[in-house]
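Report on the structure
Below are the chains, spelled out letter by letter.
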Amino acid sequence: MASECTEELKLAVAWNRIDTAKAELFNGDIQWKYEDLEDSMTDALINNKPQFVRLFCENGLNILNYLTNNRLESLYRSLSDSLLAYILLQRHLSERKTLAGSQLSVDGAAPGAMETFHMEVNTSASAMDLSLFEVSRLLQDLLGDVCEPFYYGALGLDPRMGTRRALKQVNKILQGECTYRNQQCLSPWAALFIWAVLQNRSEMAIYFWEMAGESVLSALGACKILRELSKLENETESKLAMKKLAQRFENLANDVFGECYQSSESRSFTLLIRKSPVWGGATCLEMATAADARLFFSHDGVQSLLSEIWWGDMERSTEVWKLILSFFMPPLIYTNLISFREPEEEMKPSADHHIRDNDSVGGNDATDFSIADIIQNEEEMEELKTQRENLKVCEEIRQTSLGGSLFLLQRMKKYIQDHWNKCDLTAILLFLLALICRMFPWSFNVGRAVMAIDYMVFTLRLIHIFAIHKQLGPKIIILGKMVKDVFFFLFFLGVWLMAYGVAHQALLFSYDPRSKWIFRRVFYRPYMHIFGQIPVHEMDTDKLEELSCTYNHSEIEAGAEPCMSTYANWLVVILLVIYLLFTNIVLVNLLIAMFSYTFSKVQGHSDIYWKFQRYNLIVEYHYRPCLAPPFIIFSHLHILIKRHIRQIPSAKSQHFAMELQGRKASRLNTWEAVQKENLLSAQNKQQRESDTSRLQRTSVK
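Residues numbered from 1 in each chain as written. Predicted model: local features only at pLDDT ≥ 70, side-chain atom pairs only at ≥ 80, totals over all residues. Heavy atoms only, no water.

Considerations on the overall build of the chain
From N to C terminus, the chain includes 34 helices and zero strands. In the chain, once contacts between residues fewer than 6 apart in sequence are set aside, the share between residues at least 24 apart is 72%. (Helix = DSSP H or I, 4+ residues; strand = E, 2+ residues; numbered from the N terminus. Contact = heavy atoms within 4.5 Å.)

Some words on the nonpolar core
Buried together is how nonpolar side chains tend to be arranged in soluble globular proteins. Ranked by internal contacts, the top residues of the largest apolar core, which has 120 residues, are Leu 45, Phe 56, Tyr 76, Leu 198, Phe 208, Phe 249 and Phe 296. If sequence neighbours within four positions are ignored, Leu 45 has contacts with Val 53, Tyr 66, Leu 75, Leu 192, Trp 195, Arg 201, Met 204 and Phe 208. Ranked by size, the runner-up nonpolar core spans 10 residues in total, among them Leu 497, Tyr 500, Leu 576 and Tyr 579. (Core = buried A, V, L, I, M, F, W, Y, C linked by side-chain atoms within 4.5 Å. Buried < 20%, exposed > 50% of the residue type's maximum accessible area, 1.4 Å probe, protein only.)

A look at a nonpolar patch on the surface
Taken together, the side chains of Leu 627, Phe 631, Ile 633, Phe 634, Leu 637, Leu 640, Ile 641 and Ile 645 make up a nonpolar region of the molecular surface, amounting to roughly 730 Å² of accessible area. Looking at the element boundaries, Ile 641 is found in helix α31 (residues 632-645). (Patch = residues over 30% accessible without salt bridge, like charges linked within 9 Å, V, L, I, M, F, W, Y side chains within 5 Å. Areas by Shrake-Rupley, 256 points an atom, 1.4 Å probe, with all protein chains shown as cover. Salt bridge = Lys/Arg side-chain N within 4 Å of Asp/Glu carboxyl O.)

Details of the pattern of salt bridges
Tallied over the full model, the rule gives 14 salt bridges. We note a salt bridge from Arg 274 to Glu 672, for which the minimum N-O separation is 3.5 Å. Highlighted residues: Arg 274 in the loop between α16 (265-273) and α17 (284-290) and Glu 672 in helix α33 (residues 663-688), separated in sequence by 398 residues. What makes Arg 274 buried here is its relative accessible area of 3%. With its nearest N and O atoms 2.7 Å apart, the salt bridge here joins Arg 461 to Asp 424. Note that Arg 461 is positioned in helix α25 (residues 444-461) and Asp 424 in helix α24 (residues 419-437), a separation of 37 residues in sequence. The pair Arg 461 / Asp 424 is uniform in exposure class, with both members buried. Taken together, the shared-partner salt bridges in this structure form one network comprising Glu 73, Arg 77 and Arg 181.

Let's talk about the environment of His 636
Note that His 636 resides in helix α31. For His 636, a relative accessible area of 16% corresponds to the buried category. The sequence separation of His 636 and Pro 625 amounts to 11 residues, and the corresponding C-alpha distance is 7.6 Å.

Quick word on unusual backbone geometry
Here Asn 16, not a glycine, exhibits a phi torsion of approximately 60°, which is positive. Examined against the element boundaries, Asn 16 turns out to sit in the loop between α1 (6-15) and α2 (18-25). Taking the relative accessible area as the measure of exposure, Asn 16 reaches 41% and is therefore partly exposed. One non-glycine residue with positive phi stands out, namely Asn 200, at about 60°. Secondary-structure assignment places Asn 200 in the loop between α12 (188-198) and α13 (202-211).

Points about the confidence of the model for the chain
Mean pLDDT over the chain stands at 78; residues scoring 70 or higher make up 81%. Confidence over residues 113-125 falls short of pLDDT 50; this stretch has 15 contacts with residues more than four positions distant or in other chains. Across residues 344-382 the pLDDT falls below 50, and counting only partners more than four positions away or on other chains, this stretch makes 109 contacts in the model. (pLDDT = per-residue confidence, 0-100.)

Description of α33
The terminal C-alpha atoms of α33, which comprises 26 residues, lie 37 Å apart, in line with the 38 Å expected from a rise of 1.5 Å per residue. In this structure, the buried side of α33 is in contact with α13, α14 (215-232), α15 (236-263) and α16. (Expected span 1.5 Å × (residues − 1).)

Focus on the packing of α13 against α15
Direction vectors running N to C along α13 and α15 enclose 20°, while the axes themselves pass 11 Å from each other. Between α13 and α15, the angle falls in the class roughly parallel. Here the hand of the crossing between α13 and α15 comes out right-handed. Where α13 abuts α15, its residues Ser 202, Ala 205, Ile 206 and Trp 209 lie against Leu 245, Arg 248, Phe 249, Leu 252 and Val 256. The residue makeup of the contact of α13 with α15, split by class, is seven nonpolar, one polar and one charged. (Axes fitted to C-alpha atoms, helices over the stretch in contact; angles between N-to-C directions. Parallel < 35°, antiparallel > 145°, perpendicular 65-115°, else oblique. Left-handed = near helix turned anticlockwise from the far one by under 90°. Nonpolar A, V, L, I, M, F, W, Y, C, P; charged D, E, K, R; others polar.)

What to know about helix α30 (residues 606-622)
Between the first and last C-alpha of α30 there are 24 Å, a value that for 17 residues agrees with the 24 Å anticipated at 1.5 Å per step. Within α30, 13 of the 17 residues are buried, leaving the element largely enclosed by the surrounding structure.

Some words on the packing of aromatic side chains
Considering all chains together, one arrives at 19 aromatic pairs under this definition. A centroid spacing of 5.6 Å and a plane angle of 55° characterise the contact between Phe 257 and Phe 296, whose relative ring orientation is tilted. Within this pair, whereas Phe 257 is found in helix α15, its partner Phe 296 is found in helix α18 (residues 294-297), the two being separated by 39 residues in sequence. The class of Phe 296 is buried, set by a relative accessible area of 0%. On the basis of an interplanar angle of 35° and a centroid distance of 4.6 Å, the ring pair of Phe 297 and Tyr 615 is categorised as tilted. (Phe/Tyr/Trp six-rings, centres within 6.5 Å; stacked < 30°, edge-to-face > 60°.)

A short note on the side chain of Arg 96
Looking at the secondary structure, you find Arg 96 in helix α7 (residues 84-107). Apart from the residues lying within four places of it in its own chain, the contact partners of Arg 96 are Asp 129, Ser 131, Phe 133, Glu 134, Leu 167, Val 170, Asn 171 and Leu 174.

Digging into the environment of Asn 234
As for its position among the elements, Asn 234 is in the loop between α14 and α15. Owing to a relative accessible area of 72%, Asn 234 belongs among the exposed residues under this scheme. Along the chain, Asn 234 and Leu 84 lie 150 residues apart, while their C-alpha atoms are 9.0 Å from each other.

Considerations on the environment of Met 658
Mapped onto the elements of the fold, Met 658 is located in the loop between α32 (653-656) and α33. Considered as a pair, Met 658 and Thr 270 are 388 residues apart in the sequence and their alpha carbons are 8.1 Å apart.

Observations regarding the side chain of Asn 254
Topologically, Asn 254 is positioned in helix α15. Residues contacting Asn 254, with those up to four places away along its chain left out, are Leu 295, Phe 296 and His 299.

What to know about the state of the cysteines
Evaluated as defined, the whole model comprises zero disulfides. Of all cysteine sulfurs, the one in Cys 260 lies closest to Cys 284, which takes part in no disulfide; the gap is 9.2 Å. For Cys 284, a relative accessible area of 2% corresponds to the buried category. (Disulfide = S-S within 2.5 Å.)

Okay, structure coming up:
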């Protein structure tokens, strides 16, 4: 009976008549089998019919049997050639086929085979050659270092394998029998969810998100993918749709986690730091950071976890004066001055943080110059500075090495991306340059100048410490954004400055070959005019002073002062008025307006900005040694002995990332799924009770 209605079902899918399918074909009279729904399911997926996909899954189609690796590849091959994801996949496919061609030439393939291959590559890579490896490369580009490569397990590749080596290995696999294509996809709902997100199909992506597990992490992963795609998209409409869907998934992640936090605080903390095998070992906190999910970080549950990690075993109600006193007198920590919480029998994953451990939370910024300042002897101060800088270089190298399974270049790239790390590198390089210059008598004064600039950089680095403060933290963000506004302002100012400066110089001095003075009069003097320093005696003929000058070109070239031209003095005054009018009124007020907009924009969401910045600061200082240079050497020795010689694992590694296996992982996933269902049920109930829904039901009746 079901086989006779298969053609009718295909017609219903082609015409998108979900009402006819429910009333005539899925009313309970027909017993559908998996084989009858398989082809229609593929058509519904390719043609974006999410209602039919939902209908098939609810009436006998087993997604575990349906989605094999081969079918998943065919779904990616069916992407529209106008989609951004398709274009990016084609780039990776062309790269793989190019490498395969070079391998054929190295291996000494037949000339006819080489010509055939180059014809295939030159006519653009065929979509039928797409494999899961290209999908993995695309996801790696979008998700970055947050996740391990996707589908490497299905392809039989090592996640720690380099890109070029993996390309060679994949070419060998695809030239063989490709047995992996007959295997079932390990996480079918998650694979279909990513497939729908890459195409920006909102309704279908939402359905697959509802069916997939790890709801919070999946929503944050979709948010990250969509925001990265929106940066690469050129069409304005598609870009806005991606940003809108990304924000929707961030809201879903925030709502589901809010439901989890209300149900159980300890489980919600575990949910945030649990490594996901489906998403390549990523955690919710890591994915939220990569996705720039500020709304998610502003949730009270996330901030509670961060506060627990930041305070460790110490009571949060500890007064500030006790902390300051203990900072200057460390032995007071072992007295009853500071109270610590009693250890629990079942420790929460983030509550075993000891602030007294030598490699625990601390900093090395606040005392960069404090010890050197009290030493009067210059030689001793230079020696101490040199030792301290050497230790600081060691600390920066240690931070660079904190990259997990990342390669060295990836670790360095990740390290350089942080603006404060760039500031550290600048300060260290300036110090080394100053140290080299001070070794030679002819460059000693240059070294002093560089050292003075280096001191400024080190002092400005202290601003980073105040990011933890609730009031000062957002102000630091505002300052950073205002610096970007200043660059746009300086661009307009520079163009107007050059236009006025060149005209000013040409009208006042008809001949002046001195390059230094030309630079001063073209740039420096017009710039000082903005602040009111206007040499009227050089512009107004009524106030000209008698100076020893000449019009003789030979004397001017010999170094004499050239005389000013007075024939166009009236034009110089008019240009000065126009210049001051434009700069002091138009451009300066434009800069003030830009500053006001930036301030109001950030200040309106200052709490969200501060909470997001607070996470980054806590993570940074969580993995830093507690002692500042030059005493940081003791922390480094302690870490060397404890981690590499005695092979004792760090307890801090469990604070931001932990692995769950077996029954614990399944229980957490089940609990998260229950909270998601509760949220969706509440949202559906609220929607049914809304006025709009009531009007729609009334009109249908």
